[in-house]
Amino acid sequence: MKAVIYDAFGPADVLRLAEVPMPEVRPRDLLVKVHAAGVNRADLLQRQGYYGRQSYGESDLLGLEVAGEVVAVGHEVTDIEPGEPVMAIVGGGAYAEFARVDRGLAVRIPPALDFTGAAAVMESFVTAWEAAVHLGGTGAVTTVLVHAAAGGVGSAGVEIAHSLGARVFATANAQRRTDILNLGAECVFDYRSEDFEQGVRAATQGQGVDVIIDFVGGDYLARNLRSLALGGRLVQVGLLGGKDTAELPLSVLLHNHLRIIGTVMKSRDAEEKRAMVRRFAENALPMFTDGRLKPLVGEVFPLSEAANAHRCMEAGGGFGKIVLKVSP
């Protein structure tokens, strides 16, 4: 089969299309003919050597989410059959014509979604549901601030929180303000020119928000804590700011009874990921069927142009998920 590979860490130029062996299906696996694959920032970091080794997961190939058609199942799989459309999280291997998928990390694609849209769902919405709802406790009576809301997980977080009836505030590039307002945010603060801490205080009459979903880190930490209401939760999902150290105002943390919760999908073990997918399937998946949630697809590239897809993500400024189209 054809797949995207790279021989050494480096810029997007290292990516190339090549023939590789078909994945071996284990007893609880599905073999999926990939129609589309989502591109995630973790793919770029892996390609650059951020994780210290070329393989991080079950496959040496890049890619963490797929949408496609089941063509074979392991002998212990009894609840899904060849021919069914699925979308799934994988431990690598999505940038290929076929992918091995853990049955517990796959869900059937709702009829409302095509393969391209489905490829934009799993990594973003499973992560966002985990952060905003399972860990953050977002619901109908909560106020939520989502940072980097133009990104894949951030925009999913805005959609989810709004769909549950929460008041949603967000930060993003001012060029994306209208896009994010259309997802249900009440206010969008330009991260380059506006002070979100001041904006949140004004919008909540000085109370602060109940939940903050942050992908930036660094000097956002102190500002986030000061932006939380009494008993508020900060869910730290990423470090787009590039700093893993920050000043922690302990007096604010203690006196306001705040919680800081860290989460990341990539380093979780298989059983934890299966539990995340189950929570998503039970609670969020029906919202795609009835239209309350919709995938956001930005740019679409053929598999052979994976390097251009990576360059597009590195350039930034886009809105919606970057997707690789693998099969017609």
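Because the structure is predicted, anything quoted here is derived from the model rather than measured.

## Some points on the pattern of salt bridges
Point 1. This structure, assessed with the given rule, holds 22 salt bridges.
Point 2. Of the charged contacts in the structure, one is a salt bridge between E194 and R177, with a shortest N-O distance of 3.5 Å. Linking E194 in the loop between strand 10 (187–190) and helix 6 (196–203) with R177 in helix 5 (residues 177–182), this pair joins segments that are 17 residues apart in sequence.
Point 3. Classification of E194 by relative accessible area gives partly exposed; the value is 33%.
Point 4. Residue class for R177 comes out partly exposed when judged on its relative accessible area of 27%.

## Description of the sheet that holds strand 8 (residues 143–146)
Point 1. Strand order in the open sheet made by the six strands is 10-9-8-11-12-13, with parallel pairing throughout. Single-partner strands in this sheet number two, and they are strand 10 and strand 13 (259–262). The average angle at which neighbouring strand axes cross in this sheet is 15 degrees, direction not considered.
Point 2. Across three bridges, strand 8 lies against strand 11 (residues 209–214) in parallel orientation. Following the sheet pairing, V144 is matched in strand 11 by V211.

## Description of the environment of G298
Point 1. Structurally, G298 can be placed in strand 14 (residues 297–302).
Point 2. Among the residues examined, G298 registers a relative accessible area of 34% and is labelled partly exposed.
Point 3. Taking C-alpha positions, G298 is 9.3 Å from A120, a pair spaced 178 residues apart along the chain.
Point 4. In this view, G298 contacts F319, G320 and K321; residues no more than four positions away in its chain are not counted.

## Comments concerning a nonpolar patch on the surface
Point 1. Taken together, L248, L250, L254 and I260 make up a surface patch of nonpolar side chains, about 360 Å² in accessible area.
Point 2. With respect to the secondary-structure elements, L248 resides in the loop between strand 12 (228–236) and helix 8 (250–255).
Point 3. Judged by its relative accessible area of 35%, L248 falls in the partly exposed class.

## A short note on the domain arrangement of the protein
Point 1. According to the domain assignment, the protein contains domain 1 (2–120 + 295–325) and domain 2 (125–262).
Point 2. Placing the centre of domain 1 and that of domain 2 at their C-alpha centroids yields a distance of 29 Å.
Point 3. In this assembly, nine residues from domain 1 lie in contact with 11 residues from domain 2.
Point 4. Taken over both partners, the interface formed by domain 1 and domain 2 buries close to 750 Å², and the fraction arising from carbon and sulfur atoms is 66%.
Point 5. Our enumeration of links across domain 1 and domain 2 arrives at zero salt bridges.
Point 6. On inspection of domain 1 and its partner domain 2, the count reaches one residue pair in polar contact (both at pLDDT 80 or more).
Point 7. Here the residues of the side of domain 1 that touches domain 2 sort into five nonpolar, three polar and one charged.

## Quick look at the packing of aromatic side chains
Point 1. As enumerated under the stated definition, the model contains five aromatic pairs in all.
Point 2. Ring geometry for Y6 versus F9: centroids 6.4 Å apart, planes at 40 degrees, classification tilted.
Point 3. For Y6, a relative accessible area of 3% gives the class buried.
Point 4. The exposure class of F9 is partly exposed, given its relative accessible area of 38%.
Point 5. With a centroid separation of 5.2 Å and 50 degrees between ring planes, the pair formed by F196 and Y220 is classed as tilted. One end of the pair, F196, is in helix 6; the other, Y220, is in helix 7 (residues 220–226), with 24 residues separating them in the sequence.
Point 6. Residue classification places Y220 among the buried residues on the basis of a relative accessible area of 9%.
Point 7. By the ring-pair criterion, three or more aromatic residues cluster together here, those being F125, F280 and F288.
Point 8. Directly above the ring of Y191 sits R192, whose terminal nitrogen or CZ lies 5.9 Å from the centroid.

## Focus: empty space enclosed by the protein
Point 1. Following the criterion strictly, the structure yields one cavity of 30 Å³ or more and no others.
Point 2. Lining of the largest cavity is provided by A120, S124, F125, G152, S155, A156, E159, L296, G320 and K321.
Point 3. Where the lining of the largest cavity is concerned, the elements lending two or more residues are helix 3 (122–135) and helix 4 (152–163).
Point 4. In terms of residue count, helix 4 provides more of the lining of the largest cavity than any other element does, four residues in total.
Point 5. A breakdown of the residues in the lining of the largest cavity according to their chemical character gives four nonpolar, four polar and two charged.

## What about unusual backbone geometry?
Point 1. We note that A148 has phi near 50 degrees; this positive angle belongs to a residue other than glycine.
Point 2. Mapped onto the elements, A148 comes out in the loop between strand 8 and helix 4.
Point 3. Its relative accessible area of 23% is what places A148 among the partly exposed residues.
Point 4. Phi is positive for H257, close to 55 degrees, though the residue is something other than glycine.

Calculation notes
- Residues numbered from 1 in each chain as written.
- Predicted model: local features only at pLDDT ≥ 70, side-chain atom pairs only at ≥ 80, totals over all residues.
- Heavy atoms only, no water.
- Salt bridge = Lys/Arg side-chain N within 4 Å of Asp/Glu carboxyl O.
- Helix = DSSP H or I, 4+ residues; strand = E, 2+ residues; numbered from the N terminus.
- Buried < 20%, exposed > 50% of the residue type's maximum accessible area, 1.4 Å probe, protein only.
- Pairing = 2+ DSSP bridges.
- Axes fitted to C-alpha atoms, helices over the stretch in contact; angles between N-to-C directions.
- Contact = heavy atoms within 4.5 Å.
- Patch = residues over 30% accessible without salt bridge, like charges linked within 9 Å, V, L, I, M, F, W, Y side chains within 5 Å.
- Areas by Shrake-Rupley, 256 points an atom, 1.4 Å probe, with all protein chains shown as cover.
- Domains from an automatic or database assignment.
- Buried area = accessible area lost by both parts, 1.4 Å probe.
- Polar contact = N/O pair within 3.5 Å; in protein donor to acceptor, adjacent residues only side chain to side chain.
- Nonpolar A, V, L, I, M, F, W, Y, C, P; charged D, E, K, R; others polar.
- Phe/Tyr/Trp six-rings, centres within 6.5 Å; stacked < 30°, edge-to-face > 60°.
- Lys NZ or Arg CZ within 6 Å of the ring centre and 35° of its normal.
- 1 Å grid on protein atoms, 1.4 Å probe; cavity = no way out; pocket = protein on both sides within 12 Å on 5 of 7 lines; lining within 4 Å.
- Points joined across faces, edges and corners; volume = space filled by probe spheres on them.

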